[in-house]
Each structure stands twice: as C-alpha cells, then as structure tokens.
Amino acid sequence: MMHADQGRLQAYLDHEMPEAHRSSLESHLTACVACRGELEELQRLGAEVRAALVGIDMAVGTASALQKFRERHAALGGAPAAANGRIRPRGQLRWAGPPTPARFARASLLKAASLALLLGGALYAAVPGSPLGRWIGDTLFPSDEPASSPEIVPPQAPVAATPEEAPSDVTGIRMAEGAVQIRLRSLSPNTRVRIRLVDGDLAQIRAAGPFEGTTRTGAGWIEVGNLEGVDFMMVDLPRAAVRATVEVNGQVWLRKVGPEITTPGPVTERNGDEVTFRSGS
Amino acid sequence: VDFDGLFQRLYPSLFRYLHRLTGDADMAEDVAQESFVRLLRQPLTEEEVRPWLFTVAMNLVRDGARKTERRHRLLATAPALVTQGRLPDEDVERSERIEAVRQVLDRLPERDRQLLLMREEGFKYEEIAAVVGVAPASVGTLIARALRRFVDLYDTREIR
C-alpha cells in the first residue's frame with residue numbers, strides 16, 4: 001500500500017472512513033512509520049485546535065434563550081408562515097406557540113369536558129346509589145372489578161451519612177484526541193466538587209444521591225446541567241489528558257495542559273491527585 | 001416534532017458555533033434566535049434541520065458582517081473611548097488567550113473557519129461539504145490543511 005494522504009488520515013481520525021478502508025489503513029499504519037507519524041501529527045493539531053476553541057467558549061443560557069424565542073415569536077404574530085415548498089414536507093416541524101383565540105377556545109372546551117368528567121366521577125363516588133351516579137359510574141367505569149389495592153411503596157433507602165460513600169448516578173465521556181472538557185451547570189451554592197486524576201481515557205462524573213441532571217455530550221465534552229440540590233460531586237479526569245478543563249457554572253475551575261494543572265476555582269482542599277472545591281454562597 | 005426539545009438540543013451547539021465564529025455573544029444570540037424563527041417557516045425533516053440552521057445562521061452572519069463593515073467605515077473618524085480597569089492575572093491571561101484565538105480565527109480564510117468549527121460541532125463530512133460548498137471527498141484534506149494553518153498562526157502569534 002502506498003503512503004496514506006492527509007485527507008484519508010484525517011477521515012480515519014474523524015470516523016468518516018468505511019470499515020473496509022479502515023482495516024486496510026490500520027494494517028498499513030502498523031508497518032509504516034511515516035504514516036503513523038503523520039497520523040499522530042494530525043491528532044496533535046486536532047487536540048490543539050480543540051483546546052484553543054474550548055478556551056474561548058462561554059456559558060450558554062438555553063432556558064432563557066428559549067423564553068426569549070417564545071416572546072420574539074409571539075411578537076411576530078405567532079403562527080408559522082406558509083411553507084415555501086423548497087424542501088419536501090415530510091415530518092415537518094411544528095411549535096404550538098403562544099395561545100391564539102382559536103387555540104384558547106379549543107383548550108377551554110377540552111378543559112370543560114375534563115371538568116365534567118371529573119365532576120361525574122366525584123358524584124359517582126359520593127352518591128354511589130343514585131341513578132345519575134350509577135349511570136355516570138357505569139359510563140365512566142364500566143368494569144365491576146373491585147378497585148385494586150393501593151400500591152405499596154417500599155421505604156426509601158436511607159441517605160448515606162457522608163455523600164462520598166454513596167456516589168450514585170455516574171456519567172462519563174472518553175477523551176477525544178487527548179482533550180476532554182467537563183461542564184457542570186446550575187450547581188447550587190456550597191456544593192462540593194472533588195476532582196481527581198485517574199488512569200485510562202474515561203472522564204466520569206458522579207453525583208451523591210439521586211439527581212435529575214440533564215446530560216449533553218459531544219466528541220470529548222460532556223455537560224451536566226440541572227444540578228440544583230446536589231451537594232457533592234466527584235469528577236474523574238484522565239491523567240493522560242493533554243488538555244482538560246472542568247467548568248462550573250460558566251467558570252473554569254480546573255485546567256490541565258499536559259502535566260500542568262491550574263485551579264482557578266474556589267479550592268478548599270488538596271490531597272495528592274485530588275482537589276476539592278466548594279461553590280460560592 | 002417537539003420544537004422546544006429541538007430548540008434545547010440544537011441551540012447550545014448553534015450558539016457556540018456562532019460565538020466562536022464571530023466572537024460576539026450578542027450577535028451569536030441574535031443570529032441563533034433569528035435562525036430558529038426562520039426554521040418555523042420550513043417544512044423540514046428532523047435530519048435536515050441542523051445543516052439548514054447552520055447554513056442560514058452563516059448567511060445571517062455574512063449579511064451582518066457587511067452591515068457592520070459599513071458602520072465601521074462611518075465610525076472610523078470618531079475617537080475610540082477606552083476604559084480599562086485592572087484585571088486579576090488569571091483574567092488577564094485568559095483574555096490574552098481568547099484574543100489570540102480570536103485573531104487566529106479572524107485571519108483564517110472563511111472556508112477554513114467553517115470547516116474547523118463545523119467539525120467541532122460533530123457534523124458529518126457530507127453535511128460540512130454541503131454547507132461549505134466543496135466535494136465530500138475533499139473535506140478530510142481541507143480539514144487537515146485548516147488545522148495546520150490554525151496551529152501555525154497560533155504558534156507564530158504566541159512567539160511574537
């Protein structure tokens with residue numbers, strides 16, 4: 001096999017190469033020092049560019065942007081304009097938008113019908129012997145089966161005394177070209193975050209106790225939001241990361257460039273490969 | 001299709017792309033918002049939405065850039081008012097780094113910028129090719145060259 005050109009190597013790195021070509025390139029790479037060198041160089045360039053770009057990013061306020069969008073859309077008259085026919089109309093997007101008089105009337109009718117059903121149910125429950133109650137009951141609840149017994153809810157597991165002992169929800173991301181970025185959003189004040197270096201190429205995030213965090217990921221980055229109420233988090237950062245950042249509520253708390261680590265965040269404790277932070281009150 | 005869900009899924013990526021592209025958070029937000037408003041008029045399938053949004057956003061940025069250029073020409077004679085407070089070292093270092101990256105992005109040809117930024121947002125080569133207007137088979141080579149140009153410009157600037 002001849003030397004692989006840059007384009008093929010880049011496509012290989014970006015997972016844009018068909019499987020058959022990948023295997024053949026991989027066998028070539030095991031034997032060809034020049035191509036391996038070129039591949040590593042492209043990997044290095046990719047990691048540098050990614051780290052540079054990540055460094056200029058700022059926090060994104062999606063919820064407020066959505067609110068703004070709704071207001072803007074309402075100000076523009078609400079309803080979407082007619083399709084221009086340029087793109088085929090399959091599974092087209094719709095957004096209900098703010099209430100219009102017609103939509104309001106439809107919603108009111110639905111609400112009135114629901115209310116009537118609820119009242120009927122209540123009357124049936126309150127006066128089961130009455131003919132009206134019986135009719136409503138037969139109509140709404142045709143089965144004569146006895147009501148099922150209430151579901152037995154098991155007692156909640158006791159909360160661990162120290163949150164470190166019970167890191168529950170775990171999510172993670174692999175490094176991409178030696179770079180990894182972790183963003184934690186909506187962390188409450190006084191939340192502790194412990195970041196530690198670990199072996200392997202997997203960055204992991206654990207929250208103590210149950211939480212309903214939202215997670216978004218991309219190549220080499222992960223964003224966990226909706227962290228209100230979590231009081232302790234652990235972040236495992238690959239020791240091998242060439243570039244890594246941990247960003248909390250839009251601020252960089254820890255940055256790793258090669259072996260060098262800087263911690264602009266609110267550090268409360270350092271212990272070997274571990275650093276603990278506490279979000280401001 | 002749940003438009004709110006779609007907005008929540010695509011807005012962060014579009015905003016990040018636009019902010020990286022323009023260096024202007026307000027403009028990034030305005031353009032992203034306008035792109036979503038225009039999206040409502042389009043009967044697109046879900047898989048068509050993302051490339052469409054980014055293409056429209058890019059066109060809006062180009063239009064905005066033309067208007068800004070005209071405005072800058074008009075303002076060129078007005079003296080600039082600069083106030084600068086003292087920043088902590090960490091912030092100074094960060095703003096210098098941001099400025100360096102911004103300058104590199106500004107000096108790159110538009111096509112290189114688009115290629116690198118779209119790649120970072122996880123677009124497929126085929127989608128990048130459609131937006132940038134090149135053959136899909138050439139995207140790998142163009143990205144490799146753009147990466148090299150970016151790093152060369154960045155390194156040169158840092159040494160100076």
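Residues numbered from 1 in each chain as written. Chains lettered and ligands numbered in written order. Predicted model: local features only at pLDDT ≥ 70, side-chain atom pairs only at ≥ 80, totals over all residues. Heavy atoms only, no water.

Chemist: Help me get a handle on the interface of chain A and chain B, residues and values and all.
Modeler: Opposite the 55 residues of chain A that make contact, chain B presents 55 residues. Between chain A and chain B lies a buried interface of about 5100 Å² when both sides are counted; carbon and sulfur atoms form 59% of it. Viewed at the interface, chain B and chain A are joined by seven salt bridges. Between K68(A) and E29(B) there is a salt bridge whose closest N-O contact spans 2.5 Å. The interface formed by chain A and chain B holds 12 residue pairs in polar contact (both at pLDDT 80 or more) in total. The element best represented in the side of chain A that touches chain B is helix α3 (residues 33-54) of chain A, accounting for 11 residues. Split by residue class, the side of chain A that touches chain B holds 26 nonpolar, 11 polar and 18 charged. (Contact = heavy atoms within 4.5 Å. Buried area = accessible area lost by both parts, 1.4 Å probe. Salt bridge = Lys/Arg side-chain N within 4 Å of Asp/Glu carboxyl O. Polar contact = N/O pair within 3.5 Å; in protein donor to acceptor, adjacent residues only side chain to side chain. Helix = DSSP H or I, 4+ residues; strand = E, 2+ residues; numbered from the N terminus. Nonpolar A, V, L, I, M, F, W, Y, C, P; charged D, E, K, R; others polar.)

Chemist: Tell me about unusual backbone geometry, and please be specific about residues and values.
Modeler: Residue and element names in this part refer to chain A. The backbone of S186 shows a phi angle near 55 degrees, a positive value even though the residue is not glycine. Tracing the backbone shows S186 in the loop between β2 (179-184) and β3 (192-198). Classification of S186 as partly exposed rests on a relative accessible area of 33%. The backbone phi angle of N190 is positive, close to 65 degrees, even though this residue is not glycine. The residue N190 is located in the loop between β2 and β3 in this model. (Buried < 20%, exposed > 50% of the residue type's maximum accessible area, 1.4 Å probe, protein only.)

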